[in-house]
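# Structure assessment
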Amino acid sequence: MDDQLMAAEPAPDAAPSDDAGAAKKSGPAPAIFPRPAESASLAEALGQDSFFLRHGLVDGWFIRRSDVLLVSFDNLASIGEYQPPQPWMQARAAKAGFSILGLLASRRDWYRNEDAPAFLIALRDAGFFRQFRRVVFIGASMGGFAALTLASLVPGAVVLAFSPQSTLAPDIVPFEDRYRFGSRKWDWQSAPLLDAAETAPDLAEAYLVYDPFTTADRLHVARIRGPNVVSLRAPMMGHRAIRQIKALGMLQDLIEAVGHGRMNPQDFATKMRARREHLGWQRGLLSLAEERGHKGMAWRAARRLQAIDESNRFARRFARRLRQEQKAAKSDAPPQTSDRAERRAAKREKGRDRGRDTGSGTGSSTGRVDQVAADQIRVIDLPGTLPPFTGEIETLSNALLVPERKHDQLIAQGVFYADGRWCENARCWIRAHRPAPIPTLAPDEVVRDLPGTHLYGGHFRRHFGHFLVDSTSRLWALGHLGKRPDSLIYLPYRGEVEPIRRAIRNMAPFFRLLGVDIPVQTFGEPQRVERLIVPELGFGWSERYAGSPGYRDYMQSHLNAAAPAEGGEKLYVSRARLPATRGGVLGEALIEENMARAGYEIFHPEKHPLEVQIARYKAAKSIVALDGSALHLAAFVMPRDGRVAMILRRSAANVDDYDLQFRSFIGITPDVVRVIKTDWVAEGLARSDFRSVGELDFAALFKRLKYLKYLPANFRPDLPGEGDLAAILASYQDKRGTPFRALQPGESHQEDEE
């Protein structure tokens, strides 16, 4: 699962990376600062006031502004955020007038490679750091770990780390289970600088910002001790504490205080008290109270927040959910309180609920929206993070449903309440960290009336994997509605109304399997919907790959009922017969031949009806496959005693997403087989994506499968020659009509949106 932290900071006058403006582009945001001229060697770079220097798995980006130097490190989210890559905290350094040395990571390896320390040592030995009065290493999460360990290579360096890990060595921190892939993949046993607890005592200063109520972060910080180590508590801010500190307006001051050597921990603690009016802190506080079993206290606190600020939608929704849970448990009444103001707030809320349920609100007849109506739409955008599962289902009266249109921002779409407020619960997500922008209405834009009650499905994606992840995520609500809605409504992805309608028709068999027996429709122009049911996202990107309990129950019960298990216990799921434009690996037919000799059924899912696909996955005890959409479907229905080996076909595969889905739905942890030698991409591209073609180390592939016991120890595979793979690559080029090239070390391997 990708680290949910701030990506590269934008310029002070630019839209943040999770803002609507930046979401116009599918892929990395445009670079904010021009990249310095590339230096051919370290000796050449040292004589410049700015340089860009490649050094294997890390690149160095330097700009001189003053005698204070910020040395920044990427976190999991910031890698690939901008194109070309930018140093993390670039804009903050510029605003403070600090020089910056950004160590740009080419892979998410916690800087557990030889190149990062070697680069810093070379700079140190050349006297680079001695020209600065103060050197501050800064990073968050993965970058925080790197800052704490690598700063020990530079005498006198100071560290500012947000939510850092002390190490991912499983024998040292058995409590850390959030980054299992990173823990398994990289060397946490023999390589030096693997534990911040060992390097911290020698640091000149170290400031650790963390949430003490986030258990893993607290335990990591507890290990990092030293005479000059200062812990800065950010309670109820979560692992994303840096985002909340930014929202409070404290981030720039904190960086400048550390950079100038005037950091005052007491002043930081005093300013943190302002967090009590911050939505993120309120959400964390109430969620923690509920998690610890204090539901009555949480309910009263939510009511108090609502009494203080009647526009606090989070407090209203939180209290309402607790009340609904209590009713479901046949509770006589909500938790009692002696505070009359709270009881009055509850009464007012009941009246508002009654008004929403009976269709109150300002409707709009078919016709054109006048300037007043357009201006009444109120947009309060939120950071690109997803709230926790709550099981919430909202019913909106006279909701305004706005699809993507050509005059608006790319992918801008969503739902507004009747009074013009933005409905955050209806937000669509393009991928992790990238929500769809909030749409806008033109003053004279036509809005159609849609009578009846309709279920909101989010946006419809034609690609099967995206359909599973994005377009089934709200269907769980069908199992919780007392009355069947008149239709299921999707917003057309990319505004492609007719192609999406055809795709909806083509997906009719799958809808039937999922128990959808109502019309499914989409629109290309805004609709004023009489009653719109908006469930929360039960599935989706990042942490939502775990699925909510309601979503897991709904999907698994319907899909398991679609077909009985049928087929062999050993299944190889192949992409070899997909069109060349879909990407894959060189020589998958050879993998098929070897797996067939080992007793595996070779299965091409796109050649079979969904019922057959489900039957095969239900029967399989061992599945071997390249990463792809088929594994998302298998994760719904495989037997819990099964095993999955996922062969990565590209360097940027979303390993953690598959891992979280399999573990959450069927209790299986996939075995990852990473044996990629080269990512081949079409000429003119600088990154791997869903169209790229992987070249595997076949000897290592079969050795790994034997080690994991998917193949017998005495299995002797047939391996391709260099000429065989060259011929297959030439075939790909012929089918695509474009030459391919190999991505080089240091180039981006971040996956593009499919």
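The coordinates are above.
The text that follows walks through the structure, step by step, so that each part is easy to find. Note that the structure is predicted; figures quoted are calculated from it, not measured.

Relative to strand 3 (residues 58–63), strand 2 (residues 50–55) is paired through six bridges, and the arrangement is antiparallel. In the sheet register, Phe52 faces strand 3, and the bridge partner there is Trp61. Hairpin connection from strand 2 to strand 3: two residues lie between these consecutive antiparallel strands, with Gly56 at a positive phi of about 70°.

Attention shifts here to the pattern of salt bridges. Using the criterion set out here, one finds 30 salt bridges in the structure. Across the pair Lys677 and Glu695 runs a salt bridge, and its minimum N-O distance is 3.9 Å. Placement of the pair is Lys677 in strand 26 (residues 676–682) and Glu695 in strand 27 (residues 693–696), with a sequence separation of 18 residues. Through salt bridges with shared partners, a single ionic network connects Arg35, Glu38, Arg54 and Asp59.

For the pair helix 22 (residues 629–637) and helix 23 (residues 655–666), interaxial distance at closest approach is 8 Å and the crossing angle is 15°. What the angle tells us is that helix 22 and helix 23 run roughly parallel. You can see that helix 22 and helix 23 cross each other, and the crossing is left-handed. Of the residues in helix 23, those touching helix 22 at Ser629, Leu631, His632, Ala634, Ala635 and Phe636 are Tyr658, Gln661, Phe662, Phe665 and Ile666. Class assignment of the residues belonging to the contact of helix 22 with helix 23 gives a composition of eight nonpolar, three polar and no charged.

Further remarks concern the side chain of Ser487. Take Ser487: it is sitting in strand 17 (residues 487–492). Residue classification places Ser487 among the buried positions, given a relative accessible area of 2%. Within the structure, the side chain of Ser487 is placed 2.7 Å from the side chain of Gln521, a separation counted as a polar contact. Those residues in contact with Ser487, other than ones at most four positions away along the chain, are Thr453, His454, Leu455, Ile518, Pro519 and Gln521.

Strands sit in the order 22-20-23-24-25 across an open sheet of five strands; the sheet is parallel. Both outer strands of the open sheet, strand 22 (601–603) and strand 25 (671–673), are each paired with one neighbouring strand and no more. Across the sheet, the mean angle from the axis of one strand to that of its neighbour is 20°, orientation sign disregarded. Where strand 20 (residues 570–573) lies against strand 22, three bridges are found, and the strand directions are parallel. Residue pairing in the sheet places Val573 in a bridge with Phe603 of strand 22. The strands touched by helix 22 are strand 20, strand 23 (622–626) and strand 24 (643–647); relative to strand 23, the strand with the most contacts, the crossing angle is about 155°. The strands that helix 24 (residues 698–707) touches are strand 23, strand 24 and strand 25; relative to strand 25, the one it contacts most, it runs at about 165°.

This part takes up the packing of helix 19 (residues 549–560) against helix 23. Orientation of helix 19 relative to helix 23, taken along the N-to-C sense of each, is 80°, at an axis distance of 11 Å. By the criterion of interaxial angle, the relationship of helix 19 to helix 23 is roughly perpendicular. Contacts between helix 19 and helix 23 involve Tyr551, Arg552 and Gln556 from the first element and Ser664, Phe665 and Ile666 from the second.

Here we take up the sheet that holds strand 3. Across the sheet, eight strands lie side by side as 2-3-6-4-7-8-9-10; this open sheet has mixed pairing. The open sheet is flanked by strand 2 and strand 10 (229–233), the only strands paired with a single partner. Ignoring strand direction, the axes of neighbouring strands in this sheet form an average angle of 15°. Where helix 10 (residues 265–272) meets the sheet, its contacts fall on strand 9 (205–210) and strand 10, and the angle it forms with strand 10 comes to roughly 10°.

Within the largest apolar cluster, 60 residues are counted, with the highest numbers of intra-cluster contacts made by Phe460, Phe510, Phe511, Leu559, Tyr617, Ile623 and Phe636. Among the elements that make up this core, the one with the highest residue count is helix 22 (seven residues). Filtering out sequence-adjacent residues up to four positions away, Leu559 remains in contact with Phe510, Leu514, Ile614, Leu633, Phe636 and Val637. Among the nonpolar cores identified, the runner-up in size contains 51 residues, and Leu53, Ile79, Leu120 and Phe129 belong to it.

Inspection of the secondary structure assignment puts Gly391 in the loop between helix 15 (371–375) and strand 12 (393–402). C-alpha of Gly391 to C-alpha of Glu325: the two residues are 66 residues apart in sequence and 9.9 Å apart in space. Every residue in contact with Gly391, bar those within four places of it in the chain, is listed here: Trp476 and Glu536.

Residues Val497, Ile500, Ala503 and Ile504 constitute the buried set of helix 17 (residues 497–506). Seen along its axis, helix 17 keeps its buried residues to an arc of 125°; they face one direction. Of the exposed residues in helix 17, those oriented more than 90 degrees away from the buried face are Arg505 and Asn506. On its buried side, helix 17 packs onto strand 16 (446–460), strand 17, helix 18 (508–513) and strand 18 (520–522).

Conventions we followed
Once a new chain begins, its residue numbering starts again from 1 and follows that chain's sequence as written. Totals for whole chains, interfaces and linings use every residue, but because this is a predicted model, local features are given only for residues with pLDDT of at least 70 and side-chain atom pairs only at 80 or more, for both listing and counting. Based on all heavy atoms of the structure, the side-chain values leave hydrogens and waters out of the count. Paired strands are those between which DSSP finds at least two bridges. Runs of H or I in DSSP of at least four residues are treated as helices and runs of E of at least two as strands, each being numbered from the N terminus. Each reported salt bridge corresponds to a side-chain nitrogen of Lys or Arg within 4 Å of a carboxyl oxygen of Asp or Glu. A fitted line through C-alpha atoms represents every axis, and for helices the fit uses only the stretch in contact; the resulting angles, taken between N-to-C directions, go from 0 to 180 degrees. Convention used here: angles under 35 degrees read as roughly parallel, angles over 145 as roughly antiparallel, angles from 65 to 115 as roughly perpendicular, and any remaining angle as oblique. Should the near helix be turned counterclockwise from the far one by less than a right angle, the crossing is left-handed, whereas a clockwise turn marks it as right-handed. Pairs of residues are marked as contacts when any of their non-hydrogen atoms sit within 4.5 Å. Residue polarity follows a fixed list, in which Ala, Val, Leu, Ile, Met, Phe, Trp, Tyr, Cys and Pro are nonpolar, Asp, Glu, Lys and Arg are charged, and the others, Gly among them, are polar. Any residue under 20% of the maximum accessible area for its type is buried, any over 50% is exposed, and the rest in between are partly exposed; the area is computed with a 1.4 Å probe on protein chains only. Polar contacts here mean pairs of N or O atoms no more than 3.5 Å apart (in protein, one a potential hydrogen donor and the other a potential acceptor; neighbouring residues in sequence count only if both atoms are side-chain atoms). By convention a nonpolar core is built from buried Ala, Val, Leu, Ile, Met, Phe, Trp, Tyr and Cys residues, the set being connected through side-chain atoms within 4.5 Å. Think of it as the arc spanned by the lines of direction from the helix axis to the C-beta atoms.

Fair warning: the whole summary comes from geometry, so function is off the table for now.
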